[in-house]
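The chain contents come next:
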Amino acid sequence: MSYPNHSSPTSFTLTGIPGLEDAQFWIAFPFCTMYFMAVLGNITLLLVIRMDPSLHLPMFYFLSMLAAIDLVLTTSTMPKLLSIFWFRSHEINFEGCVAQMFFIHSFSTVESGVLLTMALDRYLAICKPLRYSAILTGRTIAKLGLAAAVRGIAIVTPLMCMVTSLSYCGPRVIRHSYCEHMSVVKLACGNTRPNSIYGITAATVVVGSDSILIAVSYMLILREVIGLSSREARLKSFGTCGSHVGVILLFYTPGLFSFYTQRWGQSIPAHLHILMADLYLLVPPMLNPLIYGMRTKAIRERVLSLLWQ
């Protein structure tokens, strides 16, 4: 079959998980359960923080941002993924594919920025407690959130412009469950090297700079916590920071695995790579509310009081 050479194809076909097509119907059930838990958990978190004045603090405002971002990430992919698995609805139009790609990559970048601000929050709370309230005012929190959002959109928008300017003159089957940048670029004709270089550079700079700054902040926190005279204070600080570190690892580890194997992991089975990429957008949004809900007494008590009313 031949295809006309034009830069804006009508649609693409998403395969789902290559090699596991026969099992996708059953895989969809745990995926749907995790998606439901992610949506319910993050909406609950947002409502609880909004309703309880005692939670109107910087840490919880940043947590609200994280919950909102996770809702966008999961909802931009899971409904279409489930329709592929259950109803064999493989086709996605070009505009929808670009929109999905934009939301995935831009909000992943925004989430990285929010995790960095949360590390800053913990650093100030533990290392500069007397200046904490003076530094993290409502205006400062809004500026930090806006900066994370603007950075994410500014970095990803040129990537989307580059994708839409490419010509797609061959088969339009995306061997993935959703529209990931390199999966789409591989279907283009002509020179796609600028897309690859920009994508790799942007991801490496964002993740590299954010993870280094987060690591530095936690090294400073660890040094401060070890010096605390009270054992109870040390345990409380370790507990709070441990939750945040767990969330960071949940976000960065599968994300980096998925990103780099898409480019250089030809020896890794396709179904393993795609499964990891799917779980990257599902497991952290599902676990983040559970981790913070269980570890934060105020949130836990507020949720329990709502359940038993």
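Everything quoted here is computed from the prediction, not taken from an experiment.

Right, let's get into the state of the cysteines. Scanning all chains against the criterion turns up two disulfides. Here Cys97 connects covalently by a disulfide to Cys179, the sulfurs 2.1 Å from one another. With the S-S dihedral at roughly -120 degrees, the linkage between Cys97 and Cys179 falls on the left-handed side. With a gap of 82 residues between them, Cys97 in helix H4 (residues 94–127) and Cys179 in the loop between strand E3 (173–174) and helix H7 (181–185) connect regions that are remote in the sequence. Taken individually, Cys97 and Cys179 each receive the classification buried, so the pair is uniform in this respect.

With that settled, consider helix H1 (residues 24–51). Count 3.6 residues to each turn of an α-helix, and residues three or four apart come out pointing the same way. An ideal rise of 1.5 Å per residue puts 40 Å on 28 residues; H1 measures up with 40 Å between its terminal C-alpha atoms. Taken together, the buried positions of H1 are occupied by Gln24, Ile27, Ala28, Phe31, Met34, Tyr35, Ala38, Gly41, Asn42, Leu45, Val48 and Ile49. Residues of H1 that are buried in the fold lie against helix H2 (58–75), helix H3 (78–87), helix H10 (270–280), helix H11 (283–295) and helix H12 (297–307).

We now examine the UniProt feature "transmembrane region" (unreviewed entry) in the protein chain. If you check UniProt for "transmembrane region" (unreviewed entry), the listed places come out as residues 25–48, 60–78, 98–120, 141–168, 197–221, 241–260 and 272–292 in our numbering. In this annotation, residues 60–78 is assigned 89% helix and 0% strand; the end-to-end C-alpha distance for the span is 26 Å. Taken end to end, residues 98–120 has its terminal C-alpha atoms 33 Å apart, with 100% of it in helix and 0% in strand.

Inspection of every chain in the model, using the stated rule, returns 12 aromatic pairs. Summarising the aromatic geometry, the rings of Phe25 and Phe29 are spaced 5.5 Å apart at their centres and angled 80 degrees between planes, so their arrangement reads as edge-to-face. Separated by four residues within a single helix, Phe25 and Phe29 lie in helix H1, roughly one turn from each other. Assessed through its relative accessible area of 37%, Phe25 is described here as partly exposed. Linked through ring pairs, Phe25, Trp26, Phe29 and Trp86 together constitute an aromatic cluster.

Attention now moves to the nonpolar core. In terms of nonpolar packing, the biggest core is built from 42 residues, with Leu63, Leu66, Leu115 and Met118 touching the most fellow members. Of all the secondary-structure elements, those providing two or more residues to this core are H1, H2, H4, helix H6 (138–164), helix H8 (193–226), helix H9 (231–264), H10 and H11. The greatest single-element share of this core, amounting to nine residues, is contributed by H4. In contact with Leu66, not counting residues within four places along its chain, are Glu111, Val114, Leu115, Met118, Val247, Asn288 and Tyr292. Among the nonpolar cores identified, the runner-up in size contains 36 residues, and Met34, Leu159, Val184 and Met286 belong to it.

Time to look at the side chain of Ser64. With respect to the element layout, Ser64 can be found in helix H2. Other than its neighbours up to four places away in sequence, Ser64 contacts Leu46 and Ile49.

Let's shift gears to the packing of H1 against H11. One can describe the packing of H1 onto H11 by two numbers: an axis separation of 8 Å at closest approach and a directional angle of 40 degrees. By the angle between their axes, H1 is oblique relative to H11. Pair H1 / H11 crosses with left-handed handedness. Contacts between H1 and H11 involve Met34, Met37, Ala38, Gly41, Asn42 and Leu45 on the former and, on the latter, Val283, Pro285, Met286, Pro289 and Leu290. Looking at the contact of H1 with H11 residue by residue, the classes come out as nine nonpolar, two polar and no charged.

Per-residue pLDDT for the protein chain has a mean of 87; in total, 94% of the residues score no lower than 70. For residues 1–6, every residue scores under 50 in pLDDT, and the model assigns this stretch 12 contacts once sequence neighbours within four places are set aside.

There is a patch of nonpolar side chains on the surface, built from Phe36, Met37, Leu40, Leu290 and Met294 and spanning about 510 Å² of accessible area. Those elements that provide at least two residues to the nonpolar patch are H1 and H11. Top element by residues in the nonpolar patch is H1. It accounts for three residues.

Note on strand geometry: in a regular strand, side chains alternate between the two faces of the sheet. Where strand E1 (residues 11–14) meets strand E2 (residues 91–93), three bridges bridge the pair, whose relative direction is antiparallel. Considered in E2, the bridge of Thr13 is made with Glu91. Judged from the two bridges that link them, E1 and E3 form a sheet pairing that is parallel. By the bridge assignment for E3, Leu14 is matched with Ile174.

Rules used in this analysis
- Residues numbered from 1 in each chain as written.
- Predicted model: local features only at pLDDT ≥ 70, side-chain atom pairs only at ≥ 80, totals over all residues.
- Heavy atoms only, no water.
- Disulfide = S-S within 2.5 Å.
- Helix = DSSP H or I, 4+ residues; strand = E, 2+ residues; numbered from the N terminus.
- Buried < 20%, exposed > 50% of the residue type's maximum accessible area, 1.4 Å probe, protein only.
- Expected span 1.5 Å × (residues − 1).
- Contact = heavy atoms within 4.5 Å.
- UniProt positions renumbered as here; feature names shortened; annotations may be inferred.
- Phe/Tyr/Trp six-rings, centres within 6.5 Å; stacked < 30°, edge-to-face > 60°.
- Core = buried A, V, L, I, M, F, W, Y, C linked by side-chain atoms within 4.5 Å.
- Axes fitted to C-alpha atoms, helices over the stretch in contact; angles between N-to-C directions.
- Parallel < 35°, antiparallel > 145°, perpendicular 65-115°, else oblique.
- Left-handed = near helix turned anticlockwise from the far one by under 90°.
- Nonpolar A, V, L, I, M, F, W, Y, C, P; charged D, E, K, R; others polar.
- pLDDT = per-residue confidence, 0-100.
- Patch = residues over 30% accessible without salt bridge, like charges linked within 9 Å, V, L, I, M, F, W, Y side chains within 5 Å.
- Areas by Shrake-Rupley, 256 points an atom, 1.4 Å probe, with all protein chains shown as cover.
- Salt bridge = Lys/Arg side-chain N within 4 Å of Asp/Glu carboxyl O.
- Pairing = 2+ DSSP bridges.

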